[in-house]
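Read off the chains here:
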Amino acid sequence: LDAGGNVIYESPAAERVLGYAPAERIGKSVFDLIHTEDVDRAKAFLGESIAGAEGFHTIELRLHHRDGTWRWIEANVTNALHDPNVKGLVANFRDVSDRRAYQDQLAHQAFHDSLTKLANRALFRNRLEHALRRQSREDEAVVVLLLDLDDFKTINDSLGHEAGDELISIV
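So, how was this worked out
Residues numbered from 1 in each chain as written. Predicted model: local features only at pLDDT ≥ 70, side-chain atom pairs only at ≥ 80, totals over all residues. Heavy atoms only, no water. Helix = DSSP H or I, 4+ residues; strand = E, 2+ residues; numbered from the N terminus. Rg over C-alpha atoms; globule rule 2.2 N^0.38 Å. Buried < 20%, exposed > 50% of the residue type's maximum accessible area, 1.4 Å probe, protein only. Contact = heavy atoms within 4.5 Å. Areas by Shrake-Rupley, 256 points an atom, 1.4 Å probe, with all protein chains shown as cover. Lys, Arg positive; Asp, Glu negative; His and termini not counted. Charge placed at Lys NZ, Arg CZ, Asp CG, Glu CD. Salt bridge = Lys/Arg side-chain N within 4 Å of Asp/Glu carboxyl O. Phe/Tyr/Trp six-rings, centres within 6.5 Å; stacked < 30°, edge-to-face > 60°. Lys NZ or Arg CZ within 6 Å of the ring centre and 35° of its normal. Pairing = 2+ DSSP bridges. Axes fitted to C-alpha atoms, helices over the stretch in contact; angles between N-to-C directions. Core = buried A, V, L, I, M, F, W, Y, C linked by side-chain atoms within 4.5 Å.

## Re the overall build of the protein chain
- Scanning the protein chain from terminus to terminus reveals seven helices and three strands.
- Along its sequence from the N terminus, the protein chain presents helices and strands in the succession α-α-α-β-β-β-α-α-α-α.
- For the protein chain, the C-alpha radius of gyration of 24 Å lies well beyond 16 Å, the compact-globule estimate for 171 residues.
- Expressed as lengths along the three principal axes of its C-alpha atoms, the size of the protein chain is roughly 75 × 40 × 25 Å.
- Across the 171 residues of the protein chain, 28% fall into the buried class.
- A fraction of 35% describes how many contacts in the protein chain between residues 6 or more apart in sequence connect residues 24 or more apart.
- When the accessible area of the protein chain is evaluated, it comes to approximately 11,900 Å², of which 53% is carbon and sulfur surface.
- Counting 20 positive and 29 negative side-chain charges, the protein chain places the averaged centre of each group 4 Å from the other.

Written as structure tokens, this is what we have:
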């Protein structure tokens, strides 16, 4: 990539990751492929890679695949702008979509009840802590609504936990 994020050269191996033939991307901005939610972070990363210390810098972001899907990519970028043979940023991409999906699944399981799929106590505590920190910074009110289902134990005991879970989901 040049300092502006335009593709100077693309290895044929890139086609395996994103589906585009190398010649299709030459002269085009890498930012055209980056998910809109990741563009600002990617631009800041590019600036840091240009201004930062030698060695490679790593970022994970979503890139558009030729088939229309978004792929999570880990990019290792090395600043070789000063190298007269390269005169660019060298980026090595690796598809980490499967790993990200697994991480997302684990995070969901950690914060949601496996039966009802509702937020669990850990997520409630996490969100409450964030809200209280935000309240102290921004002087905002924090409100917690507690709903108590009368005789809920009777429903669980007489109709079973599945019925109790379904009732919680409905409520």
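## Looking at the pattern of salt bridges
- One pass over the full model with this rule turns up 11 salt bridges.
- The salt bridge involving Arg71 is made with Asp67; its shortest N-O contact spans 2.8 Å.
- In the salt-bridge network here, residues are joined through shared partners; they are Glu37, Asp38, Arg41 and Arg62.

## Topic: the packing of aromatic side chains
- Enumeration according to the criterion identifies zero aromatic pairs in this entry.
- A cation over an aromatic ring shows up here: Lys43 above the ring of Phe31, its NZ or CZ 5.5 Å from the ring centre.
- The ring centre of Trp72 lies 3.6 Å from the NZ or CZ of Arg100, which sits over that ring.

## Examining unusual backbone geometry
- Despite not being glycine, Lys87 has its phi angle at roughly 55°, a positive value.
- Among the residues examined, Lys87 registers a relative accessible area of 55% and is labelled exposed.
- The phi torsion at Asp151 lies on the positive side, around 60°, for a residue other than glycine.
- One can find Asp151 in the loop between α5 (121–138) and α6 (152–159).

## A look at the environment of Asp148
- Secondary-structure assignment places Asp148 in the loop between α5 and α6.
- In this structure the C-alpha to C-alpha distance between Asp148 and Ala119, which are 29 residues apart in sequence, comes to 16 Å.

## Focus on the sheet that holds strand β3 (residues 88–95)
- Spatially, the three strands line up as an open sheet ordered β1-β2-β3, and their pairing is antiparallel. At either margin of the open sheet sits one strand with a lone partner, and together these are β1 (56–64) and β3. Within the sheet, the average angular offset between the axes of one strand and its neighbour, ignoring direction, is 30°.
- Note: strand β2 (residues 70–80) against β3, eight bridges, orientation antiparallel. Its bridge partner lying in β3, Val77 is registered against Ala91.
- Along the sheet, helix α3 (residues 39–51) makes contact with β1, β2 and β3, crossing β1 at roughly 155°.
- Contacts from helix α4 (residues 97–111) reach β1, β2 and β3 within the one sheet, and its direction differs from that of β2 by about 120°.

## As for the pairing of β1
- Examined bridge by bridge, β1 and β2 share nine bridges and lie antiparallel to one another. Looking at the pairing, His64 lines up with Trp70 of β2.
- Hairpin connection between β1 and β2: a loop of five residues separates the two successive antiparallel strands, and Gly68 in this loop has a positive phi of roughly 95°.

## A word on the nonpolar core
- Membership of the largest hydrophobic core comes to 20 residues, with the highest contact counts inside it found for Leu18, Phe31, Ile34, Leu61 and Leu63.
- Breaking this core down by element, the ones donating at least two residues are α1 (14–18), α3, β1 and β2.
- In contact with Leu63, not counting residues within four places along its chain, are Leu18, Leu33, Ile34, Thr69, Trp70, Arg71, Ile73 and Phe93.

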